[in-house]
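Reading the structure
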Amino acid sequence: MAPKPLPNVLEITPYVPGLSADSGHKLSSNENPLGCSPAVRATIEANLDHLEVYPDGGANKLRDSIAERYGLDPARLVCGSGSDEIFQLLARAYLAPGDEIIQSEHGFLVYRLVAQQSGAETVSVPDKDMTADVDGMLAAVTDKTKIVFLANPNNPTGTYLPFDEVRRLHEGLPSHVLLVLDAAYAEYVRKNDYSSGMEMASNYDNVLMTRTFSKIYGLAALRLGWAYGPTAVIDAINRVRGPFNVNTLAQLAGIAAINDEVFAEKSAEFNKRELARLTDAVASTGLKVYPSVANFILVEFQSEGPYTAEKAEAKLRENGLIVRDVKPYGLPNCLRISIGVKEANDQVIAVLKDFMSVR
Ligand SMILES: *Cc1c(COP(=O)(O)O)cnc(C)c1O
């Protein structure tokens, strides 16, 4: 008889990453169109001589740099190979068969995947206006609920919950339920009623905030993320993580990136301008564009006829523009389009204008 994986493992539908573009523009994975800080490249080039040495297992200098940047306690900070790994580790430490997690209807897919790996169930709560519904999430809590995952801003909707709503969500949760605030796009948000949740993660025993270097810092290839929260949760994550889970070059790159505020600010400014420009131009073709505060837009097409998402995606692809099909997120009539370099955004606008004007 052949070796058999656990039954819950066979139920997992593997995550399908955004398609790559051999030529043209990849607008399918919310990557930074400006690349990364030149300081990161210099650091990596200067540190290639000792690849035989194991990484610092505690990522101590990186944790110190992040803590200093945000005024945090480094002892309550843990780094991961992408924030994806942090979610995996949370599932390993907190979820068993029969447990439940709660997430929003069109929430990030990775939460569901890590829950499945542990045999836990995902309770998916319908959105209100494409935004997480706090009352619905609170109503979904049962004795089995272990974690509530909230991506804020959310991918792929691009919408966010204002700070007082996140606070209301926390206040309504039993103290044994862990609230995970995934703030992967926090640096892009320009709203005075938004907060990444750092303060809540500092003040409560059941709130963890996660962040990533994959988006604003443009380091998706290196896989680097971090979490901040109560000592007991950080301790649990440290117990289940691999001893060298973050490689040396990622640690050094993270330090260089977080110390280059100029690059991060430039990226945020560029995104702000291009997000507004793309949103307005695509909306002016008659398509619905959901209001995004992140580095991508969600565009809604018609369910049948000449103006479907499928036809638009094919047309964009013919023109070398790779965007994200969001059917796996329960959004069959939408496409998610990352903010690209100016030229890419110009092309998206031109192709969609043409697409909507024919027939
Ligand atoms: C991109 C993204 C992340 C980042 O994942 P990494 O593993 O750090 O690259 C986390 N959460 C959401 C919602 C994202 O869209």
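The rules behind these values
- Residues numbered from 1 in each chain as written.
- Predicted model: local features only at pLDDT ≥ 70, side-chain atom pairs only at ≥ 80, totals over all residues.
- Heavy atoms only, no water.
- Helix = DSSP H or I, 4+ residues; strand = E, 2+ residues; numbered from the N terminus.
- Rg over C-alpha atoms; globule rule 2.2 N^0.38 Å.
- Buried < 20%, exposed > 50% of the residue type's maximum accessible area, 1.4 Å probe, protein only.
- Contact = heavy atoms within 4.5 Å.
- Areas by Shrake-Rupley, 256 points an atom, 1.4 Å probe, with all protein chains shown as cover.
- Lys, Arg positive; Asp, Glu negative; His and termini not counted.
- Charge placed at Lys NZ, Arg CZ, Asp CG, Glu CD.
- Pairing = 2+ DSSP bridges.
- Axes fitted to C-alpha atoms, helices over the stretch in contact; angles between N-to-C directions.
- Polar contact = N/O pair within 3.5 Å; in protein donor to acceptor, adjacent residues only side chain to side chain.
- Right-handed = clockwise from strand over helix to strand, strands pointing away.
- Parallel < 35°, antiparallel > 145°, perpendicular 65-115°, else oblique.
- Left-handed = near helix turned anticlockwise from the far one by under 90°.
- Nonpolar A, V, L, I, M, F, W, Y, C, P; charged D, E, K, R; others polar.
- Near = heavy atom within 4 Å.
- Arc of directions from axis to C-beta.
- Core = buried A, V, L, I, M, F, W, Y, C linked by side-chain atoms within 4.5 Å.
- Phe/Tyr/Trp six-rings, centres within 6.5 Å; stacked < 30°, edge-to-face > 60°.
- Lys NZ or Arg CZ within 6 Å of the ring centre and 35° of its normal.

This part takes up the overall build of the chain. Broken down by element type, the chain carries 13 helices and 12 strands. Relative to the globule expectation of 21 Å for 359 residues, the C-alpha radius of gyration of the chain, 20 Å, shows essentially globular dimensions. In the chain, buried positions account for 54% of the 359 residues. Within the chain, contacts between residues separated by at least 24 positions form 74% of all contacts whose residues are at least 6 apart in sequence. When the accessible surface of the chain is totalled, it reaches about 16100 Å², and 52% of it is carbon and sulfur. For the chain, the distance from the average site of its 35 positive side-chain charges to the average site of its 45 negative ones is 2 Å.

Let's shift gears to the sheet that holds strand β9 (residues 288-289). Spatial ordering of the open sheet is given by β1-β11-β12-β10-β9, a layout of five strands whose pairing is mixed. This sheet does not close on itself; its edge strands, each paired only once, are β1 (25-27) and β9. The pairing of β1 with strand β11 (residues 321-325) spans three bridges and is classified as parallel. Counterpart to K26 in the pairing with β11 is I322. The strands touched by helix α12 (residues 309-318) within the sheet are β11 and β12 (334-338), with β11 carrying the most contacts at an inclination of about 155°.

Further remarks concern the environment of E52. Along the chain, E52 turns up in the loop between α2 (38-46) and α3 (60-70). Relative accessible area serves as the criterion here: at 58%, E52 is assigned to the exposed category. Looking at E52, its side chain comes within polar contact range of the side chain of H50, at 2.8 Å.

Looking now at the pairing of strand β6 (residues 178-182). With five of its five residues buried, β6 lies for the most part within the structure. Bridge analysis of strand β5 (residues 145-151) against β6 gives five bridges, and the strand direction is parallel. Looking at β6, one finds that V148 is bridged to L179. Crossover handedness for the path β5 to helix α7 (residues 163-172) to β6: right-handed.

On to the packing of α12 against helix α13 (residues 342-357). α13 packs onto α12 with a crossing angle of 130° between their chain directions and a minimal axis gap of 10 Å. Taken together, the axis directions place α12 and α13 in an arrangement best described as oblique. Once α12 is placed against α13, the crossing between them reads as right-handed. Contact residues: K311, A312, K315 and L316 in α12; V348, V351, L352, D354 and F355 in α13. Of the residues that constitute the contact of α12 with α13, the class distribution is six nonpolar, no polar and three charged.

A word on the site of the ligand. As a structural note, the neighbourhood of the ligand is formed by G82, S83, D84, F108, N155, D182, A184, Y185, T212, S214, K215 and R223. At a separation of 2.7 Å, an oxygen atom of the ligand approaches a polar backbone atom of S83. Contact distances for the ligand include 2.6 Å between a nitrogen atom and a side-chain N or O atom of D182. Alone, the ligand offers 390 Å² of accessible surface; in the complex the protein occludes 93% of this. Broken down by element, the shell around the ligand gets its largest block of residues, three residues, from helix α4 (residues 82-94).

On to helix α9 (residues 231-240), then. All of the buried residues along α9 are V233, I234, A236 and I237. Within α9, the buried residues cover an arc of 160° as seen down the axis, which keeps them to one side. Residues of α9 that are exposed and angled more than 90 degrees away from the buried face: T231, A232 and R239. Turning to α9, the residues buried within the fold contact β2 (77-80), α4, β6, β7 (207-212) and β8 (225-228).

At a minimum axis distance of 8 Å, the contact between α2 and helix α10 (residues 248-258) shows a crossing angle of 145°. As α2 runs across α10, the sense of the crossing is right-handed. On α10, the residues that touch A39, V40, T43 and I44 of α2 are L249, L252, A253, A256 and A257. Among the residues making up the contact of α2 with α10, the classes are represented as eight nonpolar, one polar and no charged.

Turning our attention to the nonpolar core. Grouped together as the largest cluster of nonpolar side chains are 56 residues, with contacts concentrated most on I66, F213, Y217 and W226. Broken down by element, this core gets its largest block of residues, six residues, from α10. Setting aside anything within four residues of it in sequence, one finds F213 in contact with L62, I66, G218, L219, A220, L224, W226, G254, A257 and I258. In this structure, I86, V110, A120 and V233 belong to the second largest nonpolar core, which totals 32 residues.

On to the packing of aromatic side chains, then. Per the stated rule, a full pass over the model turns up 11 aromatic pairs. Measuring from ring centre to ring centre gives 5.7 Å for Y70 and W226, while their planes differ by 35°; the resulting arrangement is tilted. Here W226 lies in strand β8 and Y70 lies in helix α3, a separation of 156 residues in the sequence. With respect to class, Y70 is no different from W226; both count as buried. Between Y160 and Y194, the aromatic rings sit 6.1 Å apart at their centres with planes inclined by 75°, giving edge-to-face as the arrangement. With Y160 in the loop between β5 and α7 and Y194 in the loop between β6 and α8 (198-203), the pair connects residues that are 34 residues apart, well separated along the chain. A relative accessible area of 17% means that Y160 is categorised as buried. The exposure class of Y194 is buried, given its relative accessible area of 13%. One aromatic cluster is present, formed by F87, F108, Y111 and F149 through successive ring pairs. Between the NZ or CZ atom of R69 and the centre of the ring of Y70, over which it lies, the distance is 4.5 Å. The cationic tip of R336 hangs over the ring face of F296; the distance from NZ or CZ to the ring centre is 5.7 Å.

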